Amino acid sequence: MVFHIILPGKPMVSSDSFAQLETNRWVLPVEDPRAIGDLVVFLSAPLAPDLGLGVYIAAPPFEISSWHFLGSIDNDTPTAVYKPRYVWSERDAMPTSAQVGLELVPR
């Protein structure tokens, strides 16, 4: 699996930096002293034709209910720019700490 993320002003982060939780799920803690407002996710190698990657983000305390679905990428749309600032509730505010989650799912 070869996917990457970019936060503006930070170096690119490759899939090998993510913790693999299950055979189809990965997570990456993200710390940034600035609010996390933009996130780029892209593939650098094709997925199996019937698969895509769901993209999620969560703010502390990283409970099940704190995960927000941002969208998905696949072979037809291998790159996406997300604006996580639009998913945070008033309770979340604009976090400077988050987790990015990716899940391999059937299309």
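Everything discussed here concerns the structure shown above.
The rules behind these values
- Residues numbered from 1 in each chain as written.
- Predicted model: local features only at pLDDT ≥ 70, side-chain atom pairs only at ≥ 80, totals over all residues.
- Heavy atoms only, no water.
- Core = buried A, V, L, I, M, F, W, Y, C linked by side-chain atoms within 4.5 Å.
- Buried < 20%, exposed > 50% of the residue type's maximum accessible area, 1.4 Å probe, protein only.
- Helix = DSSP H or I, 4+ residues; strand = E, 2+ residues; numbered from the N terminus.
- Contact = heavy atoms within 4.5 Å.
- Salt bridge = Lys/Arg side-chain N within 4 Å of Asp/Glu carboxyl O.
- Pairing = 2+ DSSP bridges.
- Axes fitted to C-alpha atoms, helices over the stretch in contact; angles between N-to-C directions.
- Phe/Tyr/Trp six-rings, centres within 6.5 Å; stacked < 30°, edge-to-face > 60°.

A. Inspection of the nonpolar core at higher detail. Formed by 23 residues in total, the largest nonpolar core has its most connected members in Phe18, Leu39, Val41, Leu53 and Leu102. For this core, the secondary-structure elements that each account for two or more residues are β1 (3-6), β4 (25-31), β5 (39-43), β6 (51-58), β7 (67-73), β8 (79-82) and β9 (97-106). Here this core takes four residues from β9, the largest share from any one element. Apart from the residues within four sequence positions on either side, Phe18 is in contact with Phe3, Ile5, Val13, Trp26, Val27, Leu28, Val100 and Leu102.

B. Here's a closer look at the pattern of salt bridges. Scanning all chains against the criterion turns up five salt bridges. Glu22 is the partner of Arg25 in a salt bridge, and the nearest nitrogen-oxygen pair spans 3.4 Å. Assessed through its relative accessible area of 42%, Glu22 is described here as partly exposed. Ionic pairing is found between Asp38 and Lys83, a salt bridge with its closest N-O pair at 2.8 Å. In this pair, Asp38 sits in the loop between β4 and β5 while Lys83 sits in the loop between β8 and β9, placing the two residues 45 residues apart along the sequence. Among the ionic contacts, a cluster of salt bridges with common partners joins Glu22, Arg25 and Glu103.

C. Structural view of the environment of Leu47. Tracing the sequence through the fold places Leu47 in the loop between β5 and β6. For the pair Leu47 and Asn75, spaced 28 residues apart in sequence, the C-alpha separation works out to 6.3 Å.

D. Main features of the sheet that holds β7. Pairing is antiparallel across the open sheet formed by five strands, whose spatial order is β3-β4-β9-β6-β7. Looking at strand neighbours, the two that pair on one side only are β3 (19-22) and β7, the edges of this open sheet. Between one strand axis and the next, the sheet turns by 25° as a mean value, whatever way the strands run.

E. Layout of the pairing of β3. Strand direction decides the pairing type here: β3 and β4, joined by three bridges, are antiparallel. Note that in β4 the partner of Gln20 across the bridge is Trp26. As consecutive antiparallel partners, β3 and β4 are separated by two residues.

F. Representation of the packing of aromatic side chains within the structure. Summed over all chains, the structure comprises three aromatic pairs. Ring plane angle 85° and centroid distance 5.0 Å describe the contact between Phe3 and Phe18, whose orientation is recorded as edge-to-face. Highlighted residues: Phe3 in strand β1 and Phe18 in the loop between β2 (13-14) and β3, separated in sequence by 15 residues. Here Phe3 and Phe18 have matching classes, each one buried. The rings of Phe3, Phe18 and Trp26 are connected pair by pair, giving a single aromatic cluster.

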